[in-house]
Amino acid sequence: MASDEAIAATQGEGAIPFKPLCTAAAWSAATAAAEQHKWVTVLSPAEVAELLTATKHALTTGKPIQDLTAADFPLPRLGPRLTAMKRSCLHGRGFHLLRGFPVERLSRREVVAAFWGLGTHWGSARSQNAKGHVVGHVKDLGLDPGADDVRVYQTRAAQPWHVDTCDLVALLCLKKAKSGGLSRWVSSVSIYNRLCKTRPGLVEALMQPFYYDRKGEVPPGQPPYSVVPGLSFYAGYLTMYYNDRMTREAQRFPDVPRLTSKQEEALQAVTELANSTELHLEWDLEPGDIQLLHNWNQLHMRTAFEDEPGPDNRRHLLRLHLSSQEARPLDPAVWGTNEPGKRHGVYTATTQHTVPLDAE
């Protein structure tokens, strides 16, 4: 008998516009909380030891971190569990939490390499900015969140509900904030289902094109904004692409159409549903926690935060944007050529992959 993953890969999930979708990703806060034991994994001492050994082995190859592959990180015990987490995200509820990463036992270079090593078992890392960072640093750099060329993850401001342009996003907590900085995520399938039942006109509005500010990180031959529908249906899959902040920031460009009243209403409705405690989960990530999310059926955000005094005491997360060969197909009419395992990321004419050891 074919596995659930194989069926999903060939038949999709049966998504049809204006029809509620019944999948494992259509969770609520209550149903997810009742199954927390299924989506929280704690590394065992043997798995930690295996990860430490694999990291040491990988670094002895002499390769730059960005050139290391899964073959450089042999994980015979942990590897199958990492694969199961990936498939649960891509074909199941859409998220997983891995705890017990040994942050305190490793140097910064070793931490970055070990996190990269886990990522090689989940997908291929894609550039997160014009500098080519394939391991990102989510940290307050004291920048103005309202500046046209600043992305919110470089500040301590709240990061509104959004998706990242990749199949999977992984976040590893290195250091917590003094206060705030809570992680929240919500099923975009559940949001869509609520809108189908209560405000179907807004589903139609979300299926229209929306414009998103590229924040100055522009691919060759492209405008300074991207154009993607808020909701799209392709090959039996529902995909939500949502970033209210970047949508509104794109209004600064004179050739971008003004948001219609119905689009404004739809954006507000998505935000209100995402903010509902009936729908979203909240987690205060501790050092060593890794959050893995599927961007095409989950939205995420983080609350504003305040750091302890001193530059070495700032809230600090590592981030991977990953493309998976096992990911769903995406409409080429929307995304252009988008081969699973090689798609998306931020690429300008000068972008080259690099792995910084701190925010820059």
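Above this text sits the structure in question.
Quantities reported herein were computed from a predicted structural model and do not represent experimental measurements. (Residues numbered from 1 in each chain as written. Predicted model: local features only at pLDDT ≥ 70, side-chain atom pairs only at ≥ 80, totals over all residues. Heavy atoms only, no water.)

If you tally the helices and strands in the protein, you get 11 helices and 17 strands. Computed over the C-alpha atoms, the radius of gyration of the protein is 20 Å, within 12% of the 21 Å expected from 2.2 N^0.38 for a compact globule of 360 residues. For the protein, the C-alpha atoms occupy an extent of roughly 55 × 55 × 40 Å along the three principal directions. The buried share of the protein, reckoned over its 360 residues, is 55%. When contacts within the protein are restricted to residue pairs at least 6 apart in sequence, those whose partners lie at least 24 apart make up 80%. Accessible surface, the protein as shown: approximately 15,200 Å² in total, 52% of it carbon and sulfur. Taking the 39 positively charged and 39 negatively charged side chains of the protein as two groups, their mean positions are separated by 2 Å. (Helix = DSSP H or I, 4+ residues; strand = E, 2+ residues; numbered from the N terminus. Rg over C-alpha atoms; globule rule 2.2 N^0.38 Å. Buried < 20%, exposed > 50% of the residue type's maximum accessible area, 1.4 Å probe, protein only. Contact = heavy atoms within 4.5 Å. Areas by Shrake-Rupley, 256 points an atom, 1.4 Å probe, with all protein chains shown as cover. Lys, Arg positive; Asp, Glu negative; His and termini not counted. Charge placed at Lys NZ, Arg CZ, Asp CG, Glu CD.)

Attention shifts here to the packing of helix α7 (residues 188-198) against helix α10 (residues 261-275). Contact geometry for α7 and α10: axes closest at 10 Å, N-to-C directions at 120°. By the angle between their directions, the pair α7 and α10 is classed as oblique. Handedness of the α7/α10 crossing: right-handed. Along the contact surface, α7 presents I191, R194 and L195, while α10 presents A269, V270, L273 and A274. (Axes fitted to C-alpha atoms, helices over the stretch in contact; angles between N-to-C directions. Parallel < 35°, antiparallel > 145°, perpendicular 65-115°, else oblique. Left-handed = near helix turned anticlockwise from the far one by under 90°.)

What follows covers the pairing of strand β17 (residues 316-323). In terms of residue burial, β17 counts as a mostly covered element, since eight of its eight residues are buried. Burial along β17 is two-sided: the face carrying H316, L318, L320 and L322 and the face carrying L317, R319, H321 and S323 are both buried. Of the strand pairs in this sheet, strand β3 (residues 124-125) and β17 are connected by two bridges, and their pairing is antiparallel. Opposite S124, over in β17, you have S323 as the bridge partner. Bridge analysis of strand β4 (residues 136-138) against β17 gives three bridges, and the strand direction is antiparallel. Bridge pairing in β17 links H137 to L318. (Pairing = 2+ DSSP bridges.)

Quick look at the layout of surface pockets now. A volume near 1,000 Å³ is recorded for the largest pocket. Surrounding the largest pocket, 44 residues form its lining, T165, R214, Y241, G345 and V346 being those nearest its centre. If you list the elements that add at least two residues to the lining of the largest pocket, you get β5 (159-162), β9 (209-213), β10 (225-229), α9 (244-249), β17 and α11 (332-335). Here the lining of the largest pocket gets four residues from one element, more than from any other, and that element is β10. When grouped by side-chain class, the residues that make up the lining of the largest pocket number 18 nonpolar, 14 polar and 12 charged. One number sums up the size of the second largest pocket: a volume of about 200 Å³. Lining the second largest pocket are 16 residues, with L68, W116, T120, S124 and A125 positioned closest to its centre. (1 Å grid on protein atoms, 1.4 Å probe; cavity = no way out; pocket = protein on both sides within 12 Å on 5 of 7 lines; lining within 4 Å. Points joined across faces, edges and corners; volume = space filled by probe spheres on them. Nonpolar A, V, L, I, M, F, W, Y, C, P; charged D, E, K, R; others polar.)

A separate point is the sheet that holds strand β13 (residues 281-283). Ordered in space as β5-β15-β8-β13, the four strands form an open sheet in which the pairing is antiparallel. In the strand order of this sheet, the two ends are held by β5 and β13, each with one partner. Within this sheet the neighbouring strands show an average axis-to-axis angle of 15°, counted without direction. Relative to strand β15 (residues 298-302), strand β8 (residues 183-187) runs antiparallel, the two sharing five bridges. Residue pairing in the sheet places S187 in a bridge with Q298 of β15. Lying on the sheet, α7 is in contact with β8 and β15; it crosses β8 at an angle near 50°.

This part takes up the nonpolar core. Core analysis: the biggest nonpolar cluster contains 42 residues, and F101, W116, L118, W122 and L172 have the highest contact counts within it. At the level of elements, α4 (45-59), α5 (79-91), α6 (108-120), β6 (168-175), β14 (290-294) and β17 are the ones that each hand at least two residues to this core. Formed by 37 residues, the second largest nonpolar core is a distinct cluster that contains V186, I191, L206 and L299. (Core = buried A, V, L, I, M, F, W, Y, C linked by side-chain atoms within 4.5 Å.)

To continue, consider the side chain of Q263. Within the element layout of this structure, Q263 appears in helix α10. With relative accessibility at 10%, the residue Q263 sits in the buried group. Within the structure, the side chain of Q263 is placed 3.2 Å from the backbone oxygen of P209, a separation counted as a polar contact. Here Q263 is in contact with A205, Q208, P209, F210 and R258, once residues within four sequence places are set aside. (Polar contact = N/O pair within 3.5 Å; in protein donor to acceptor, adjacent residues only side chain to side chain.)

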